[in-house]
Every structure is written in structure tokens, then in C-alpha cells.
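Chains, contacts and geometry: an overview
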Amino acid sequence: MKPWLHRWRSGAWVLALGLGLLAASATAIAAGLPPAYGAVVLPPRGGPERTEFDLTAVRDRARQENKRLYVYLGASDCRYCRQYEAFLEKNARELVPRFAAKYIVVDLRSSLSVPASHLYFRVGGSVWPYGEFQRSIGDERSRLLVYPTVWLFDADLKPLMQMPSGAGTFQTVQEQIEVLDLVQ
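Residues numbered from 1 in each chain as written. Predicted model: local features only at pLDDT ≥ 70, side-chain atom pairs only at ≥ 80, totals over all residues. Heavy atoms only, no water.

So, the overall build of the protein chain
From N to C terminus, the protein chain includes 6 helices and 7 strands. When its helices and strands are written in sequence order, the protein chain yields α-β-β-α-β-α-α-β-β-β-α-β-α. For the protein chain, with 184 residues in total, the buried portion stands at 41%. Put simply, of all contacts in the protein chain between residues at least 6 apart along the chain, 67% involve residues at least 24 apart. Accessible surface, the protein chain as shown: approximately 10,300 Å² in total, 58% of it carbon and sulfur. (Helix = DSSP H or I, 4+ residues; strand = E, 2+ residues; numbered from the N terminus. Buried < 20%, exposed > 50% of the residue type's maximum accessible area, 1.4 Å probe, protein only. Contact = heavy atoms within 4.5 Å. Areas by Shrake-Rupley, 256 points an atom, 1.4 Å probe, with all protein chains shown as cover.)

This is the structure:
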């Protein structure tokens, strides 16, 4: 084999491998709510000892647009999150208009490796650890960090209803619609 052809083939192989790895990592990063929902993606701030989500901007936007907030906490390595996201993708034609009419959808992206003790929420000048945030909004799930978790808030971050979480969350379109319409 000619030396230039060998170098070209080696270079092409390395380039193809690099592009494949890049695509795989982009897919992992892209895990979350389907694009059709127009979610505001809030990546965590901080490092391994502190994963913080700042809800200030989405709260302010909800106030300006007179909308509610549908806040989704998913984990990139959570199979139940992928199931819920696949459900939303499959039913986007029916559900997206219902979300868009009343809600700003917020996608908080985390990982199963982040313990509740390292998870924080910021609103304006206030910061709460996960458990305190849950208690402050009256969420009965404050003892455990479960994925996926959904909160429905008004424009002032006041909870609109107690939400289910974890595996089996919103198995049907009708259940999802009832949640969006705040049917208890």
C-alpha cells in the first residue's frame, strides 16, 4: 500500500471515530424533553459537590407571559426519564398545544450520580438544598430524590398541585392532560 493512502485511511478512520464519539456525546447531552415542547433547558451550575439550578429567569418569564411553569427534573442516565420523554415524543402532536397554551416548560438536567444533598435550587437571592426546596413548596416527596420529578408552579413559583413522580408517571395522554388541566 502506498504510504499516503495508508495515512489517508488512518486519518479517515480517526476522523470517523471522532465524529461518532461526538454524535454519541451529543445524544447523551441532548437527553431530555423532546424539542417539540420548546423547553427552556437549564443545565446545572456548580461542580461535583454542588449541582444548582437557577429558576429566577424562568420565574420572571412566567410572570411576564402570565403563564405557569412545568418544571421537569430528569437524569441523563435514568431509564424512567427516557420512557417519559419517549411518551411525550410519541404524543407530541396532541400534547404540545396543551403545554404551549398555559405553560413554560423547563427541563432541568441532572444525573443519578447527584445525591439530594448536592442538589440546590436558586430563585433570586435565595438558595435551597433539595429537601428544603421540597418542604418550602409543600411537596410530600421531600424525603427522597426521585427521577423523573415534575412540578407545576404558578408564575410566583407556588405549587399548583401535588405531583406523582418516578416510574409510571403519566402513562396515558388523558393522564397527562388531566395534570396540565390541574385535575386532582
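Some thoughts on unusual backbone geometry
Residue Tyr147 is joined to Pro148 through a cis peptide bond whose omega torsion reads -10°. Mapped onto the elements, Pro148 comes out in the loop between α5 (130-136) and β7 (149-153). A positive phi angle, near 55°, is found at Asn66, a position not held by glycine. Structurally, Asn66 can be placed in the loop between α2 (56-65) and β3 (68-75). Non-glycine residue Leu157 carries a positive phi angle of around 60°. Assignment of secondary structure puts Leu157 in the loop between β7 and α6 (173-180).

Brief notes about the packing of helix α4 (residues 92-102) against α6
The geometry of α4 relative to α6 is characterised by a closest axis approach of 11 Å and an angle of 5° between their N-to-C directions. Accordingly, the angle class assigned to the pair α4 and α6 is roughly parallel. Residues Glu94, Leu95, Arg98, Phe99 and Lys102 of α4 touch α6, and the partners they reach there are Val173, Gln176, Ile177 and Leu180. Classifying every residue of the contact of α4 with α6 by side-chain character gives 5 nonpolar, 1 polar and 3 charged. (Axes fitted to C-alpha atoms, helices over the stretch in contact; angles between N-to-C directions. Parallel < 35°, antiparallel > 145°, perpendicular 65-115°, else oblique. Nonpolar A, V, L, I, M, F, W, Y, C, P; charged D, E, K, R; others polar.)

A few points about the pairing of strand β6 (residues 126-129)
With 4 bridges connecting them, strand β5 (residues 119-123) and β6 associate as antiparallel partners. From the neighbouring strand, Arg122 faces β6, where its bridge partner is Val127. (Pairing = 2+ DSSP bridges.)

Side note on the pattern of salt bridges
Considering all chains together, one arrives at 10 salt bridges under this definition. Here Arg122 ties to Glu52 by a salt bridge, and the two come within 2.7 Å at their closest N and O atoms. You can see Arg122 sitting in strand β5 and its partner Glu52 sitting in strand β2 (residues 51-54), a full 70 residues away along the chain. Put simply, Asp181 and Arg98 hold a salt bridge, and the shortest N to O gap is 3.9 Å. Highlighted residues: Asp181 in the segment after α6 and Arg98 in helix α4, separated in sequence by 83 residues. Overall, the relative accessible area of 36% leaves Asp181 in the partly exposed class. Judged by relative accessible area, which is 37%, Arg98 ranks as partly exposed. A single network of salt bridges, built from pairs that share partners, joins Arg50, Glu52 and Arg122. (Salt bridge = Lys/Arg side-chain N within 4 Å of Asp/Glu carboxyl O.)

Some points on the packing of helix α3 (residues 79-90) against α4
Between α3 and α4, whose axes approach to 6 Å, the crossing angle comes to 95°. Of the possible angle classes, the one that applies to α3 and α4 is roughly perpendicular. Note on element contacts: α4 touches α3 through Ala92, Leu95 and Phe99, opposite Tyr84, Phe87, Leu88, Glu89 and Lys90. Residues that form the contact of α3 with α4 fall into these classes: 6 nonpolar, no polar and 2 charged.

Taken by themselves, the reported measurements are silent on function.
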